[in-house]
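# Analysis of the macromolecular model
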Amino acid sequence: MSEIIGETESLCPECLKVIPAVKIAENDNIYLEKTCPEHGKYKVLIWRGVDDYLSLKKYACVPSKPNVCAVDKEEIVCPLDCGLCKEHTQHTCIAILEVTNGCNLKCPICFASASSGYKFHPDLDTIRKMYQTALDSVGENVCIQISGGEPTIRDDLPEIVKMGKDMSISYIELNTNGVRFAEEIEFLQRCKDAGVDSLYFSFDGVTSDVFMKTCGRDLLETKLKTIENCKKVEMGVTLVTVVSPDINLDQIGQIIDFAKKNVPTVKGVHFQPLSYFGRYPIVPQDENRTVLPDLLVEIEKQTKGQLRVDNFIPTSCTNVHCDIKSMSVVLEDGSLFPLTHRSMGPPKDTCCIASKTRQEVSDLWRFVDESMDSSNESDPEPGSWDEFIQRAKSNYLTISSMPFQDVWNVETERLRGCCIHTITPDGKLIPFCLFNINSVHGQTLYRHEVFGKYSQ
Amino acid sequence: MDVKFSDSVKELIGERGLKIDDVIDIINTAESSNRKLNDGSKNLAKKRIGEVTIYAVYDDNGNVETAYSHRMVLGEIQKTTDEPDPTNWVCVSCNEKAVIGTVLMTYMGVTRSGPAVVCEKCGDAWIEEYLATKTIAAAEGLFEKKKA
Ligand code: SF4
Ligand code: SF4
Ligand code: SF4
Ligand SMILES: [Zn+2]
Ligand SMILES: [Zn+2]
């Protein structure tokens, strides 16, 4: 039995031509199927569970427009005329600002293909313009992720951060491998003082062999040292874990346990199913993929049901099949108490949720703070609601995931609603997946084309 | 009883997402059943309506002073101490002085305790305004306000 349940467009993995694609339901799986007139047919697994896939649509966000469209064209061909264009249906929630394509590592798996070929190293003036691009498009409450390559290889990183804060960027997170922060706590302190709000810290597993596979080096001790240093300077951390059935799918539960033990320094774990763009070791087959439902089932299994599939909800910020999130309080006995559940239904006010999710967590605690009677905060009665609230404020954990799209599984439907955008030096904002997607020959539509022009 | 609201009380009730008609209903029910607290000048009545418990504070002439609510479900009173803190409230149906006690409150499957005005004779419990609008609102907010 196979049934077409949707139509979209995709790209040819060989030649990057935009080609029509259909979503097919078959044996309770969903596949994306597409044919390039020149290079033939491709079929790739994108979801397990047809009912689940369809039911998530109730979480769809109310579309919103970017404040400005850098691309002004009558006839748009998505995704070739990107930047954003008038057909885009979501504004920017997180803008990614890459400050280098260099790195102090050379991982076998790297979406940015860092440390190879040309050198992209924008000067402060260019970076100022990139911040401005985000400010112009978003307006207020701008959230920036400084990324790369590895941003910490730039000695002027604190200046870059301070510049952003001086330009009234509200939130800056730093995407880092943490190696320099393990070695130089002073540098970490300086970044914090300059205004870094949290680290988006790659942490792929709890054993050395995982790092041998993802980074080509045993980085376990270094990673642990980074967390220790973050604890010392009180820097919040989200652990970012690439997930692959060939590498670490069996460690998910242990990673969540590790996170729990390191709350409140660790604020969350973000699982990133390995997507095949940039530098990656193989041409993927379906068995090399972790689709979102696979990940959630593993989380339920490996946390022994402390977190269940139903505790995960789309953020209603981007396309409903792009992300999923749960929030829990870590209780006194170390168990997780989830605050999110699908039975609660979609958020009431999806129309403004995009701007809210940027600072969702801080908003939540601000709300709690405002509702609390500060006078009786001192010594809450054990087992009381008072104590629960006190604990919830400092001991919560967010578990989230966003499976990026690669040239095989990309759908323009998802790209059009994307809210995570890479800023280009020429004033554009490009959906992160799209920015990075490359053909089997290494050709990109945007990354190397754009950064190559601004390289040294 | 002719229930009356000043403009500012009406506004407060609206802000708290409550309905005037529900508040009137609570007061009428309390007056006919005598299930309420009284401190000599004002009354505290409560009623579960749908998913919320709503409270009304009003004087003997029916002037409503305030109204508030919580979603949590009140459970058993936990052992009060040998000498519980007294209150000015009297449980009208039992003619018994109410005291400050501890009750279990359940929300979304979680049960925790909190302070309440309790009548040790009939075992009924009333949540005071400060708690309903602060701690309990915050706890409910954790579950309710942000879902994603
Ligand atoms: S992804 Fe969005 S901005 Fe880019 S071309 Fe498509 S609709 Fe336009
Ligand atoms: S994955 Fe990160 S740490 Fe590894 S080479 Fe790429 S940018 Fe550097
Ligand atoms: S970056 Fe990719 S996966 Fe994330 S929201 Fe955008 S299109 Fe979806
Ligand atoms: Zn082709
Ligand atoms: Zn009584």
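Look above for the structure.
Description of the structure in this document. Predicted model, so just to flag it, every value in this text is computed and none were measured. Throughout, a residue's number is its position along its own chain's written sequence, starting from 1. Naming scheme: in the order in which they are written, chains are lettered from A and ligands are numbered from 1. Totals for whole chains, interfaces and linings use every residue, but because this is a predicted model, local features are given only for residues with pLDDT of at least 70 and side-chain atom pairs only at 80 or more, for both listing and counting. Hydrogens and water molecules were not included; the side-chain quantities draw on all heavy atoms of the structure.

### Description of the overall build of chain B
Every helix listed is a DSSP run of H or I at least four residues long, and every strand listed is a run of E at least two residues long, numbered separately from the N terminus. Within chain B one finds four helices and nine strands. Taken from N to C terminus, the helices and strands of chain B fall in the order α-α-β-β-β-β-β-β-β-β-β-α-α. Based on C-alpha atoms, the radius of gyration is set beside the globule rule, defined as 2.2 Å times the residue count to the power 0.38. Taking 2.2 N^0.38 as the reference for a compact globule, 148 residues should give roughly 15 Å; the C-alpha atoms of chain B span a radius of gyration of 15 Å, in line with that estimate. The contacts of chain B with a sequence gap of at least 6 include a subset with a gap of at least 24, amounting to 51%. Here chain B displays about 7,100 Å² of accessible surface, and carbon together with sulfur accounts for 45% of that area. Only heavy atoms enter the contact rule, under which two residues are in contact if any of them lie within 4.5 Å. Where accessible areas are quoted, they stem from the Shrake-Rupley method and a 1.4 Å probe; at the residue level, only the protein chains shown are allowed to cover.

### Section: empty space enclosed by the protein
Residues and elements named next belong to chain A. The pocket and cavity definitions rest on a 1 Å grid over protein atoms only: a 1.4 Å probe that fits but cannot leave marks a cavity, an open set with protein on both sides within 12 Å along at least five of seven lines marks a pocket, and residues lining either have an atom within 4 Å of a point. Grid points are joined across faces, edges and corners, and a volume is the space filled by probe spheres set on the points. Going through the model one piece at a time under the given rule, you end up with three cavities of 30 Å³ or more. The computed volume of the largest cavity comes to approximately 200 Å³. Of the residues forming the lining of the largest cavity, the biggest block, three residues, is contributed by strand 4 (residues 40–48). Tallied by class, residues from the lining of the largest cavity come to 10 nonpolar, four polar and three charged. In this entry, domain limits derive from an automatic or database-based domain assignment. Split by domain, the lining of the largest cavity shows at least three residues from each of two domains, domain 1 (2–59) and domain 2 (94–436). Residue classes follow a fixed rule: Ala, Val, Leu, Ile, Met, Phe, Trp, Tyr, Cys and Pro count as nonpolar, while Asp, Glu, Lys and Arg count as charged, and any other residue, Gly among them, counts as polar.

### Structural notes on the pattern of salt bridges
Side chains that differ in charge, positive against negative, can pair when their charged atoms come close. All names here are of chain A. The working definition used for a salt bridge is a side-chain nitrogen of Lys or Arg within 4 Å of a carboxyl oxygen of Asp or Glu. Taken as a whole and judged by the stated rule, the model has 28 salt bridges over all chains. Note that Glu-98 is salt-bridged to Arg-447, the shortest N-O span being 2.7 Å. Of this pair, Glu-98 sits in strand 5 (residues 94–98) while Arg-447 sits in helix 15 (residues 447–453), and the two are 349 residues apart along the sequence. For Arg-447, a relative accessible area of 1% puts it in the buried group. For Lys-162, the salt bridge identified is with Asp-166, shortest N-O distance 2.9 Å. To sort residues, take the accessible area from a 1.4 Å probe on protein chains only and compare it with the maximum for the residue type: under 20% means buried, over 50% means exposed, and anything in between is partly exposed.

### What about the site of ligand 3?
One heavy atom within 4 Å of a molecule or strand makes the whole residue count as near it. Inspection of the region around ligand 3 gives Thr-318, Cys-322, Met-402, Pro-403, Phe-404, Gln-405, Arg-414, Cys-418, Ile-420, Phe-432 and Cys-433 of chain A as its neighbouring residues. In the shell around ligand 3, the residues fall into eight nonpolar, two polar and one charged.

### Let's talk about the coordination of the zinc ion (ligand 4)
All names here are of chain A. For the zinc ion (ligand 4), the full set of protein donor atoms is Cys-12 (SG), Cys-15 (SG), Cys-36 (SG) and His-39 (ND1), at a range of 2.2 to 2.3 Å. Taken together, the four donor atoms coordinating the zinc ion (ligand 4) span angles of 102 to 117° at the metal, a pattern that classifies the geometry as tetrahedral. We call an atom a donor if it is N, O or S and sits within 2.8 Å of the metal, or 3.2 Å for Na, K and Ca. Water is not counted, so some sites may look partial. If you list the donors of the zinc ion (ligand 4) from N- to C-terminus, the spacing comes out as C-x2-C-x20-C-x2-H. Take Cys-36: its relative accessible area is 1%, and that puts it in the buried class. Working rule for geometry: tetrahedral if four donors all subtend angles between 85 and 135 degrees; square planar for four, octahedral for six, if opposite donors exceed 155 degrees and the others stay between 65 and 115; irregular in every other situation.

### Observations regarding the site of ligand 2
Every residue lining ligand 2 is accounted for by Cys-103, Leu-105, Lys-106, Cys-107, Ile-109, Cys-110, Ala-114, Gly-149, Asn-177 and Arg-279 of chain A. Class assignment of the residues belonging to the shell around ligand 2 gives a composition of six nonpolar, two polar and two charged.

### Side note on the coordination of the zinc ion (ligand 5)
When a metal holds four donors in a tetrahedron, each ideal angle between them is 109.5 degrees; when it holds six in an octahedron, the ideal angles are 90 or 180 degrees. Residues and elements named next belong to chain B. Every protein donor of the zinc ion (ligand 5) is accounted for by Cys-91 (SG), Cys-94 (SG), Cys-119 (SG) and Cys-122 (SG), and the metal-donor separations fall at 2.2 to 2.5 Å. For the zinc ion (ligand 5), the four donor atoms are set out with angles of 103 to 122° between them, so the coordination reads as tetrahedral. The sequence motif formed by the donor residues of the zinc ion (ligand 5) is C-x2-C-x24-C-x2-C. Pair noted here: Cys-94 is in the loop between strand 6 (86–91) and strand 7 (96–107) and Cys-119 is in the loop between strand 8 (110–118) and strand 9 (125–126), with a separation of 25 residues, a long-range link.

### Observations regarding helix 7 (residues 220–233) of chain A
The terminal C-alpha atoms of helix 7 of chain A, which comprises 14 residues, lie 20 Å apart, in line with the 20 Å expected from a rise of 1.5 Å per residue. Residues of helix 7 of chain A that are buried: Leu-220, Lys-223, Thr-226, Ile-227, Asn-229, Cys-230 and Val-233 of chain A. The span you would expect from a helix comes to 1.5 Å times its residue count less one.

### Digging into unusual backbone geometry
Residue and element names in this part refer to chain A. A cis amide bond links Gly-83 with the next residue in sequence, Leu-84, at an omega value of -10°. Its location among the elements puts Leu-84 in the loop between helix 1 (50–55) and strand 5. Cis rather than trans, the peptide bond between Gly-148 and Gly-149 has omega equal to 25°. Turning to its location among the elements, Gly-149 is positioned in the loop between strand 6 (143–147) and helix 3 (157–166). You will see that Ser-168, though not glycine, has its phi angle at about 70°, which is positive. With respect to the helices and strands, the residue Ser-168 is situated in the loop between helix 3 and strand 7 (171–176). Even without a glycine there, the phi angle at Glu-234 is positive, about 60°.

### Quick notes on the side chain of Ser-113 of chain A
All names here are of chain A. As for its position among the elements, Ser-113 is in the loop between strand 5 and helix 2 (124–138). In this structure Ser-113 comes out as buried when scored by relative accessible area, which is 13%. Not counting chain neighbours up to four residues away, the residues in contact with Ser-113 comprise Gly-278, Arg-279 and His-448.

### Some points on the sheet that holds strand 1 (residues 2–11) of chain A
All names here are of chain A. Between any two strands, pairing holds if DSSP finds at least two bridges. Spatially, 1-2-3-4 is the arrangement adopted by the four strands of the open sheet, whose pairing is antiparallel. Looking at the sheet topology across the chains shown, the edges are occupied by strand 1 and strand 4. Ignoring strand direction, the axes of neighbouring strands in this sheet form an average angle of 25°. With six bridges joining them, strand 2 (residues 18–26) and strand 3 (residues 29–36) adopt antiparallel strand pairing. Note on strand 3: the bridge partner recorded for Ala-21 is Lys-34. Axes here refer to lines fitted to C-alpha atoms; in helices the fit is confined to the stretch in contact. Angles between the N-to-C directions go from 0 to 180 degrees.

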